[in-house]
Amino acid sequence: QVQLVESGGGSVQAGGSLRLSCAASGSIFRANNMGWYRQAPGAQRELVATITRDGVTNYADSVLGRFTISRDNAGNTVVLQMNNLKPEDTAVYYCNADLLGAITLVRSDYWGQGTQVTVSS
């Protein structure tokens, strides 16, 4: 069974840093695009950053210059390094991956369970 497992959330003061990790496990042939999204209370889920298999990145304007997304294709992992955090970054962060199953050879979109990030002023 394919799943995404996140780790690394927590609470930090403004200006601090956190590192989120996400590992895809199960029968995976290939991980295509991977990324992070977030959802604050009362708001819609929004894109934070994505990265292609070739390493091409895309960031939301609000995190550009503060967050860095990276990945390890061999380990099917994606990492979000968050620096200079602001209170408005407070949200539940979700890992997302476009995965090709090794057994089914079906390409599907997967989401992690979410990890809370809280930034206090």
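The rules we used
- Residues numbered from 1 in each chain as written.
- Predicted model: local features only at pLDDT ≥ 70, side-chain atom pairs only at ≥ 80, totals over all residues.
- Heavy atoms only, no water.
- Helix = DSSP H or I, 4+ residues; strand = E, 2+ residues; numbered from the N terminus.
- Rg over C-alpha atoms; globule rule 2.2 N^0.38 Å.
- Buried < 20%, exposed > 50% of the residue type's maximum accessible area, 1.4 Å probe, protein only.
- Contact = heavy atoms within 4.5 Å.
- Salt bridge = Lys/Arg side-chain N within 4 Å of Asp/Glu carboxyl O.
- Polar contact = N/O pair within 3.5 Å; in protein donor to acceptor, adjacent residues only side chain to side chain.
- Phe/Tyr/Trp six-rings, centres within 6.5 Å; stacked < 30°, edge-to-face > 60°.
- Lys NZ or Arg CZ within 6 Å of the ring centre and 35° of its normal.
- Disulfide = S-S within 2.5 Å.
- Pairing = 2+ DSSP bridges.

### A closer look at the overall build of the protein
Thinking step 1. A tally of helices and strands in the protein yields zero helices and 11 strands.
Thinking step 2. Shown N-terminal to C-terminal, the secondary structure of the protein runs as helices and strands in the order β-β-β-β-β-β-β-β-β-β-β.
Thinking step 3. For 121 residues, the compact-globule estimate of 2.2 N^0.38 gives 14 Å, and the protein sits close to it at 14 Å.
Thinking step 4. Taking the principal axes of the C-alpha coordinates as reference, the protein spans close to 50 × 25 × 20 Å.
Thinking step 5. In the protein, buried positions account for 41% of the 121 residues.
Thinking step 6. Here the contacts in the protein between residues at least 6 apart in sequence split such that 56% fall between residues at least 24 apart.

### Here's the deal with the pattern of salt bridges
Thinking step 1. In this structure the tally under the stated criterion is four salt bridges.
Thinking step 2. Across the salt bridge formed by Glu46 and Arg38, the nearest N and O atoms sit 2.7 Å from each other.
Thinking step 3. Take Glu46: its relative accessible area is 39%, and that puts it in the partly exposed class.
Thinking step 4. Judged by its relative accessible area of 5%, Arg38 is buried.

### Digging into the side chain of Arg38
Thinking step 1. Positionally, Arg38 belongs in strand 4 (residues 28-39).
Thinking step 2. Side chain to side chain, Arg38 and Glu46 meet in a polar contact 2.7 Å long.
Thinking step 3. Within the structure, the side chain of Arg38 is placed 3.3 Å from the side chain of Ser62, a separation counted as a polar contact.
Thinking step 4. Look past the residues within four positions of Arg38 in its chain and what remains in contact with it is Gln44, Arg45, Glu46, Val48, Ser62, Val63, Phe67, Glu88, Asp89, Ala91, Val92 and Tyr93.

### Some points on the packing of aromatic side chains
Thinking step 1. Scanning the model with the defined rule gives one aromatic pair in all.
Thinking step 2. Just above the ring of Tyr94 sits the side chain of Arg45; from NZ or CZ to the centre is 3.7 Å.
Thinking step 3. Taking the ring centre of Trp111 as reference, the NZ or CZ of Arg45 above it sits at 4.7 Å.

### Details of the state of the cysteines
Put plainly, a disulfide is one covalent bond tying together the sulfur atoms of two cysteines.
Thinking step 1. Enumeration over the complete set of coordinates arrives at one disulfide.
Thinking step 2. Here Cys22 is linked by a disulfide to Cys95, with a sulfur-sulfur distance of 2.1 Å. Across the S-S bond linking Cys22 and Cys95, the dihedral sits near -80°, which makes this disulfide left-handed. In this pair, Cys22 sits in strand 3 (residues 18-25) while Cys95 sits in strand 9 (residues 91-101), placing the two residues 73 residues apart along the sequence. For the pair Cys22 and Cys95, one class covers both residues: buried.

### Regarding the pairing of strand 8 (residues 77-82)
Thinking step 1. Sheet topology places strand 3 next to strand 8; six bridges connect them, and they run antiparallel. Paired with Arg19 across the bridge in strand 8 is Gln81.
Thinking step 2. The pairing of strand 7 (residues 67-72) with strand 8 spans six bridges and is antiparallel. Bridged to Arg71 within strand 8 is Val78.
Thinking step 3. Hairpin geometry of strand 7 and strand 8 is characterised by an intervening segment of four residues between the two adjacent antiparallel strands and by a positive phi of about 50° at Asn76.

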